[in-house]
Amino acid sequence: MSKKVQAIYLWWHKPVVGQELLQSLPILKVIANSGVAMDHLDLKLVASFGVKMANAPRAVSSSTADTGMALLLASARRLVEGYHIAISSGMEYCEADFLGVEVTGATLGITGLGRIGYKIALRANTFEMNILYHNRTRREEQEEQAVGTTYCEKIDNLLQQADFVMVVVSLTPQTHKLIGKRELELMKPTATLINISRGAAIDQEALVTALQTGVIRAAALDVTYPEPRPRDHALLKLKNVIITPHLGIKTHKATYMITEEAAENLLAALNGLPIPNEVLPS
């Protein structure tokens, strides 16, 4: 079938697209990704074969933003720990000092106020949170005012002020280990780190140390590196961590919308029309 394949739909990074596959598909025209992040593709390599690429940003933004807020709330109110207490065989009552932290009125720092980050800000605004953001480029003033956000030109200022830091960046060489030992030490000891972007955006060994030594209060992670982490890794044994298996876009509606958006991209490319969500190599 290799001489007939004109399009590839990538689902969960499969099939793996490399030199060998590209060479085997002489009439390939387009690759459509099931999501927004493209760090699993060598964009310049694909483009060198004359193949166009597209992602599906509209479909994933709401479900991923929901996941970010769910992790924030679950960590703040210690829901996972509370669940295990509630179902334990010796449960008689919950200790009076089993306390979480307030979300209402707290400060949320968002690193990456793109499509997903902006929807997180919308949600956080309804929780009456103070919202800071750091981005490569500043949003328009009216966009900031619509969700009540304040721009931090330097990430350090955001880290020092935020009670919750949410990482919502695309993985690039510039954002690889964006949050490391230095950044964690800038955060408040009462702060929580939430990652819904890519596992490699955080130095996970530095995070383990920070959680073990009280540099920060807690972490909530929908992504790790690698996925899954080895079963004996220290990150999986800490009580002040919530880890979910990359659930960001996993809803019935989002899955349907992703496929629909990918189909639009594929059909446009195959019919010689502008691709709605074409991604160009940087």
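All values reported here derive from a predicted model rather than from experimental measurement. (Residues numbered from 1 in each chain as written. Predicted model: local features only at pLDDT ≥ 70, side-chain atom pairs only at ≥ 80, totals over all residues. Heavy atoms only, no water.)

Asker: Would you explain the pattern of salt bridges in this entry?
Answerer: For side chains bearing opposite charge, pairing can occur when the charged atoms are close. Here the structure, examined in full by the defined rule, presents 13 salt bridges. Across the pair Asp66 and Arg123 runs a salt bridge, and its minimum N-O distance is 2.7 Å. Highlighted residues: Asp66 in helix 3 (residues 57-76) and Arg123 in helix 5 (residues 115-126), separated in sequence by 57 residues. Taking relative accessible area as the criterion, Arg123 reaches 22% and is therefore assigned partly exposed. Through salt bridges that share partners, Arg58, Glu261 and Glu264 make up one connected network. (Salt bridge = Lys/Arg side-chain N within 4 Å of Asp/Glu carboxyl O. Helix = DSSP H or I, 4+ residues; strand = E, 2+ residues; numbered from the N terminus. Buried < 20%, exposed > 50% of the residue type's maximum accessible area, 1.4 Å probe, protein only.)

Asker: Just to check I follow, could you spell out the sheet that holds strand 10 (residues 241-243) for this structure?
Answerer: For sheets, the rule is that strands pair by backbone hydrogen bonds, running either parallel or antiparallel. Read across the sheet, seven strands follow the order 6-5-4-7-8-9-10 without closing on themselves; strand pairing throughout is parallel. Of all strands in the sheet, those bounded by a partner on one side alone are strand 6 (149-151) and strand 10. Neighbour-to-neighbour, the strand axes of the sheet open up by a mean angle of 20 degrees, direction not taken into account. Pairing geometry for strand 4 (residues 107-111) and strand 5 (residues 130-134), over five bridges, is parallel. Bridge pairing in strand 5 places Gly109 opposite Leu132. Against the sheet, helix 5 touches strand 4, strand 5, strand 6 and strand 7 (164-167), its axis set at about 170 degrees to strand 4. (Pairing = 2+ DSSP bridges. Axes fitted to C-alpha atoms, helices over the stretch in contact; angles between N-to-C directions. Contact = heavy atoms within 4.5 Å.)

Asker: Help me understand the pairing of strand 2 (residues 30-33), please; the structure alone is not making it clear to me.
Answerer: Walk down a regular strand and you will see the side chains alternate between the two sheet faces. With burial as the criterion, each face of strand 2 is covered, one bearing Val30 and Ala32 and the other bearing Ile31 and Asn33. Examined bridge by bridge, strand 1 (residues 7-10) and strand 2 share four bridges and lie parallel to one another. Looking at strand 2, one finds that Ile8 is bridged to Ile31. Read from strand 1 through helix 1 (residues 19-24) to strand 2, the crossover connection turns out right-handed. With three bridges joining them, strand 2 and strand 3 (residues 52-54) adopt parallel strand pairing. (Right-handed = clockwise from strand over helix to strand, strands pointing away.)

Asker: So what exactly am I meant to see when it comes to the side chain of Asn277 here?
Answerer: Take Asn277: it is sitting in the segment after helix 10 (252-270). Note on Asn277: relative accessible area 10%, which makes it buried. Here the side chain of Asn277 touches Glu261 through a polar contact of 2.9 Å, side chain to side chain. Those residues within four positions of Asn277 in sequence are excluded, and the remaining contacts are Met53, Ala54, Asn55, Pro57, Arg58, Glu261 and Asn265. (Polar contact = N/O pair within 3.5 Å; in protein donor to acceptor, adjacent residues only side chain to side chain.)

Asker: Just checking my understanding: could you explain the domain arrangement of the protein for this structure?
Answerer: The extent of an interface is frequently quoted as the accessible surface area lost upon association of the parts. Assigned domains of the protein: these are domain 1 (7-59 + 250-279) and domain 2 (60-243). Computed from C-alpha coordinates alone, the two centres of domain 1 and domain 2 are separated by 30 Å. Each partner contributes residues to the interface: domain 1 has 12 residues there, and domain 2 has seven residues. Counting the surface lost from both domain 1 and domain 2, the interface buries some 740 Å², and carbon and sulfur atoms represent 54% of this. It is Asp39, Pro57 and Arg58 that lose the most area in domain 1 upon contact with domain 2, and together they represent 46% of the buried surface on that side. Here domain 1 is connected to domain 2 by one salt bridge. A salt bridge links Asp39 to Arg198, with the shortest nitrogen-to-oxygen separation between them at 3.1 Å. Here domain 1 and domain 2 share three residue pairs in polar contact (both at pLDDT 80 or more) between them. Listed by contribution, the elements that provide at least two residues to the side of domain 1 that touches domain 2 are helix 3 and helix 10. (Domains from an automatic or database assignment. Buried area = accessible area lost by both parts, 1.4 Å probe.)

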